[in-house]
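Observations on the three-dimensional arrangement
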Amino acid sequence: QSAGIDDPTVIAAAYLHDVVEKSEVEPAEIRERFGPEVAGMVDALTDDDSVEGYGERKRALRHQVIGSSRDSVLIYAADRVANMRDWRKVAPEQRREIGERLGTTLEERLDLWTEDLDELSAYDPELPFLAEIELELHALRSEAGDRPS
């Protein structure tokens, strides 16, 4: 219930948002089991595999989410925080290997998260999780020896 989110539909979509990408579950099954509203949010939060390149796929996802519902944007923002916190748990000397497994680098992720922060802030400067994104981004950049952009 972070950020005052207590709608069971939003909570269900938040839990399920990676299921289509990371399992054999199809969108139709999400719709059947959880209804069209949850399925719509999950669909908005699912990468389009037809987009080539990690960075371009993530940018397309961001635009897809921002063009959908506010609830999807909230889930997306919370997921950015969770993803950054996951990267921070990885020892700096292991980050290159982790990035390779994901098809990216920490540097690319930092650029994408900076873009996320900028675009989410433009969408709604009062959006929950923006402060957390900024803090995590700053911490990751500091650990990487980068300066904030």
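You'll find the structure just up there.
Read on for a plain summary of the structure. (Residues numbered from 1 in each chain as written. Predicted model: local features only at pLDDT ≥ 70, side-chain atom pairs only at ≥ 80, totals over all residues. Heavy atoms only, no water.)

1. A closer look at the overall build of the protein chain
Under the convention used in this document: Where helices and strands are cited, they refer to DSSP runs of H or I of at least four residues and of E of at least two residues respectively, numbered from the N terminus. Restricting the calculation to C-alpha atoms gives the radius of gyration, and the globule rule supplies 2.2 Å times the number of residues raised to the power 0.38. Throughout, exposure labels follow a simple rule: accessible area from a 1.4 Å probe, protein chains only, divided by the maximum for the residue type, with under 20% read as buried, over 50% as exposed, and the rest as partly exposed.
Scanning the protein chain from terminus to terminus reveals 9 helices and 0 strands. Going from N to C terminus, the protein chain has its helices and strands arranged as α-α-α-α-α-α-α-α-α. In summary, the protein chain has a C-alpha radius of gyration of 15 Å against a globular reference of 15 Å for 149 residues, a match within 12%. Summarising its shape, the C-alpha atoms of the protein chain cover approximately 45 × 35 × 25 Å along the three principal directions. Counting across all 149 residues of the protein chain, residues that qualify as buried make up 39%.

2. A short note on the pattern of salt bridges
A pair can form between side chains of opposite charge whenever their charged atoms are brought close. What counts is decided by this rule: We define a salt bridge as a contact between a side-chain nitrogen of Lys or Arg and a carboxyl oxygen of Asp or Glu at a distance within 4 Å.
On inspection of all chains with the given rule, the structure shows 17 salt bridges. For Arg62, the salt bridge is made with Asp116, and the minimal N-O distance between the two is 2.5 Å. Pair noted here: Arg62 is in helix α5 (residues 54-66) and Asp116 is in helix α8 (residues 106-123), with a separation of 54 residues, a long-range link. Residue classification places Asp116 among the buried positions, given a relative accessible area of 1%. For Glu119, the salt bridge identified is with Arg62, shortest N-O distance 3.0 Å. You can see Glu119 sitting in helix α8 and its partner Arg62 sitting in helix α5, a full 57 residues away along the chain. For Glu119, a relative accessible area of 26% translates into the label partly exposed. Overlapping salt bridges bring together Glu56, Arg59, Arg62, Glu115, Asp116 and Glu119 as one network.

3. Remarks on the side chain of Lys58
Which entries qualify depends on this criterion: Contact between two residues is taken to exist if any of their heavy atoms lie within 4.5 Å; hydrogens are not considered.
Relative to the helices and strands, Lys58 resides in helix α5. Here Lys58 falls in the buried class, since its relative accessible area comes to 15%. Every residue in contact with Lys58, bar those within four places of it in the chain, is listed here: Asp47, Tyr76, Arg109 and Leu112.

4. As for the packing of α5 against helix α6 (residues 70-89)
Selection criterion: Note on definitions: angles span 0 to 180 degrees between N-to-C directions of axes, and those axes are lines fitted to C-alpha atoms, for helices only across the stretch in contact. Comment on the angle field: the value is read as roughly parallel under 35 degrees, roughly antiparallel over 145, roughly perpendicular from 65 to 115, and oblique elsewhere. Residue polarity is assigned by list, with Asp, Glu, Lys and Arg as charged and Ala, Val, Leu, Ile, Met, Phe, Trp, Tyr, Cys and Pro as nonpolar; anything else, Gly included, falls into the polar class.
Relative orientation of the contacting elements α5 and α6 amounts to 140°, with a least axis distance of 8 Å. Classified by the angle their axes make, α5 and α6 are oblique. Every residue of α6 that contacts α5 at Lys58, Leu61, Arg62, Val65 and Ile66 is listed here: Ser72, Val73 and Tyr76. Along the lines of polarity and charge, the residues of the contact of α5 with α6 split into 5 nonpolar, 1 polar and 2 charged.

5. Side note on the packing of α6 against helix α9 (residues 130-144)
Definition in use: Handedness of a crossing follows from how the near helix is turned relative to the far one, being left-handed for an anticlockwise turn of less than a right angle and right-handed for a clockwise one.
Interhelical geometry of α6 versus α9 gives an angle of 25° and a closest axis separation of 9 Å. The angle between the axes of α6 and α9 places the two elements in the roughly parallel class. In this structure, α6 meets α9 at a crossing whose hand is left-handed. When α6 is examined against α9, the residues Ala77, Arg80, Val81, Met84, Arg85, Trp87 and Arg88 are found in contact with a partner set consisting of Glu132, Ile133, Glu136, Leu137, Ala139, Leu140 and Glu143. When its residues are assigned to classes, the contact of α6 with α9 shows 8 nonpolar, no polar and 6 charged.

6. A short note on the nonpolar core
Operational definition: Each nonpolar core is a collection of buried residues, namely Ala, Val, Leu, Ile, Met, Phe, Trp, Tyr and Cys, held together in the definition by side-chain atoms within 4.5 Å.
Core analysis: the biggest nonpolar cluster contains 33 residues, and Trp113 and Leu120 have the highest contact counts within it. Contributing elements (two or more residues each) for this core: α1 (8-16), α4 (36-44), α5, α6, α8 and α9. The biggest single contributor to this core is α6, with 8 residues. For Leu120, the residues in contact, after removing those within four places along its chain, are Ile66, Val73, Tyr76, Ala77, Leu127, Leu130 and Ile133.

All we've got here are geometric facts, nothing functional implied.
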